[in-house]
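# Structural features, examined
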Amino acid sequence: MEAAQSLQLDILAIAAHPDDVELSVGGTLIKLGRLGYKTGVLDLTRGEAGTRGTPEIRAAEAERAAELLGLSVRENLDLGDARIWANEESRVKLVRVLRRLRPRLVFTQFWEDPHPDHAHTSQLVREACHVSGLAKYDREAGQERWRPSCIAYFLFPRTVAPSFIVDISETSQPKWEAIRAHASQFFNPQATEPQSRVSTQAFLREIESRDRYFGAMIGVENGEAFFVREALNVEDPVALLTRRMNMYS
Ligand SMILES: [Zn+2]
């Protein structure tokens with residue numbers, strides 16, 4: 001990975017815990033990297049409140065997963081697991097990262113989520129992306145203002161219809177390698193630590209089914225879904241709306 005100072009990212013995925021991004025948009029990040037886009041991940045906490053693993057183990061796992069995802073940068077804001085709040089202190093920290101990495105597009109978690117970290121991440125990211133574009137906000141840091149063009153949300157409730165789905169059929173396998181890099185968190189019959197919902201085999205099957213379900217919605221094997229709040233500005237509706245290849249099937 002390069003020195004973070006020199007980056008101008010195309011996409012930055014921001015999530016609360018070190019494995020959230022892999023589970024939700026790992027296939028999309030790998031795909032975008034292969035298309036030549038510069039991708040990055042910002043984890044907001046070190047996951048120290050998780051049932052399994054330690055912050056040190058989880059940091060090493062996140063680094064390994066970053067390689068598998070083909071990221072240009074992965075950083076951790078260390079806001080405190082189960083303690084993410086959309087307050088001024090966290091917002092300034094996040095704005096400084098946004099102004100340094102300058103992502104054109106941001107992926108983050110949906111605002112309606114039972115885990116308060118996920119819900120607060122969503123609010124914090126939306127607010128930070130906005131104030132980061134205000135020239136006089138946090139002027140003392142001496143950074144140029146920066147506002148990403150769009151935020152696309154992932155991990156939303158089943159009652160919300162996706163705005164778009166990315167075909168990840170070709171990057172599903174490396175996505176699973178990146179998920180398995182977080183070995184302390186997921187199913188392992190030899191583990192001696194207490195069980196949690198995410199450490200069951202059923203949880204991984206659920207993720208697998210979710211990707212297949214979203215894939216089925218667009219007629220491909222695996223997909224990852226996104227929700228966009230604002231209306232999309234489409235330059236070429238013909239190119240966009242003729243993506244379905246098997247129009248007679
Ligand atoms: Zn999480």
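Now for a description of the structure that goes with this document. Since the structure is predicted, the reported quantities are computational estimates derived from the model, not experimental observations.

Looking now at the overall build of the protein. Helix and strand counts for the protein stand at 7 helices and 7 strands. Ordered by position in the sequence, the α and β elements of the protein form the string β-α-β-α-β-α-β-α-β-β-α-α-β-α. Its C-alpha radius of gyration of 18 Å places the protein within 12% of the 18 Å reference for a compact globule of 249 residues. Its C-alpha atoms give the protein principal-axis dimensions of about 55 × 55 × 35 Å. The contacts in the protein between residues at least 6 apart in sequence include a share of 81% that link residues at least 24 apart. Counting only carbon and sulfur atoms, one obtains 52% of the accessible surface of the protein, whose full area is about 13,200 Å². Averaged over its 31 positive side-chain charges, the protein has a centre that lies 3 Å from the centre of its 35 negative ones.

Looking at the zinc ion, the protein donor atoms are H17 (ND1), D20 (OD), D20 (OD) and H118 (NE2), and they sit 2.1 to 2.3 Å from it. Classification of the site at the zinc ion rests on its 4 donor atoms, whose angles at the metal span 56 to 123°, yielding the label irregular. Donor residues for the zinc ion, ordered by position in the chain, follow H-x2-D-x97-H. Of the two residues, D20 sits in helix α1 (residues 20-34) while H118 sits in helix α4 (residues 116-131), which places them 98 residues apart along the sequence. A single burial state applies to D20 and to H118, both of which are buried.

What follows deals with the pattern of salt bridges. Applying the stated criterion to the full structure yields 15 salt bridges. The partner of R58 in a salt bridge is D19, and the shortest N-O contact between them spans 3.4 Å. Here R58, found in helix α2 (residues 55-69), pairs with D19, found in the loop between β1 (11-15) and α1; they are 39 residues apart in sequence, far enough to count as distant. Accessibility classification places R58 together with D19 in one group, the buried group. The network of salt bridges with common partners includes E22, D43 and R74.

The element strand β7 (residues 223-228) is extensively covered by neighbouring structure, given that 6 of its 6 residues are classed as buried. Taking every second residue as pointing to the same face, both faces of β7 are buried, with G223, A225 and F227 on one and E224, F226 and V228 on the other. Pairing between strand β5 (residues 150-154) and β7: 2 bridges, direction antiparallel. Note on β7: the bridge partner recorded for A152 is V228. Here strand β6 (residues 164-167) pairs with β7 via 4 bridges, running antiparallel. From the neighbouring strand, F164 faces β7, where its bridge partner is F226.

Glancing now at helix α5 (residues 172-180). Restricting attention to buried positions, one finds in α5 the residues S172, P174, K175, W176, A178 and I179. Where the residues of α5 are buried, they touch α1, α2, α6 (201-217) and β7.

In this section: the packing of aromatic side chains. As enumerated under the stated definition, the model contains 11 aromatic pairs in all. On the numbers, 5.0 Å between centres and 90° between planes, the contact of W111 with Y153 is edge-to-face. Within this pair, whereas W111 is found in the loop between β4 (105-109) and α4, its partner Y153 is found in strand β5, the two being separated by 42 residues in sequence. Here Y153 falls in the buried class, since its relative accessible area comes to 1%. With a centroid separation of 5.9 Å and 70° between ring planes, the pair formed by W111 and F227 is classed as edge-to-face. Pair noted here: W111 is in the loop between β4 and α4 and F227 is in strand β7, with a separation of 116 residues, a long-range link. By relative accessible area, W111 is classed as partly exposed at 29%.

This part covers the packing of α1 against α5. Their axes nearest at 9 Å, the elements α1 and α5 cross at an angle of 130°. Comparing the axis directions of α1 and α5 gives the class oblique. Judged by the sense of rotation from one axis to the other, the crossing of α1 with α5 is right-handed. Contacts between α1 and α5 pair E22, L23, S24, G26, G27, I30 and R34 from the former with P174, K175, A178 and I179 from the latter. Here the contact of α1 with α5 is composed, by residue class, of 5 nonpolar, 3 polar and 3 charged.

Now for a nonpolar patch on the surface. Nonpolar side chains collect at one region of the surface, where L232, V234, L240 and L241 lie side by side and expose about 400 Å² of accessible area between them. Structurally, the position occupied by L241 is in helix α7 (residues 237-241).

What counts, and at which threshold
Residues numbered from 1 in each chain as written. Predicted model: local features only at pLDDT ≥ 70, side-chain atom pairs only at ≥ 80, totals over all residues. Heavy atoms only, no water. Helix = DSSP H or I, 4+ residues; strand = E, 2+ residues; numbered from the N terminus. Rg over C-alpha atoms; globule rule 2.2 N^0.38 Å. Contact = heavy atoms within 4.5 Å. Areas by Shrake-Rupley, 256 points an atom, 1.4 Å probe, with all protein chains shown as cover. Lys, Arg positive; Asp, Glu negative; His and termini not counted. Charge placed at Lys NZ, Arg CZ, Asp CG, Glu CD. Donors = N, O, S within 2.8 Å, 3.2 Å for Na, K, Ca; no water. Tetrahedral: all angles 85-135°; square planar, octahedral: opposite > 155°, others 65-115°. Buried < 20%, exposed > 50% of the residue type's maximum accessible area, 1.4 Å probe, protein only. Salt bridge = Lys/Arg side-chain N within 4 Å of Asp/Glu carboxyl O. Pairing = 2+ DSSP bridges. Phe/Tyr/Trp six-rings, centres within 6.5 Å; stacked < 30°, edge-to-face > 60°. Axes fitted to C-alpha atoms, helices over the stretch in contact; angles between N-to-C directions. Parallel < 35°, antiparallel > 145°, perpendicular 65-115°, else oblique. Left-handed = near helix turned anticlockwise from the far one by under 90°. Nonpolar A, V, L, I, M, F, W, Y, C, P; charged D, E, K, R; others polar. Patch = residues over 30% accessible without salt bridge, like charges linked within 9 Å, V, L, I, M, F, W, Y side chains within 5 Å.

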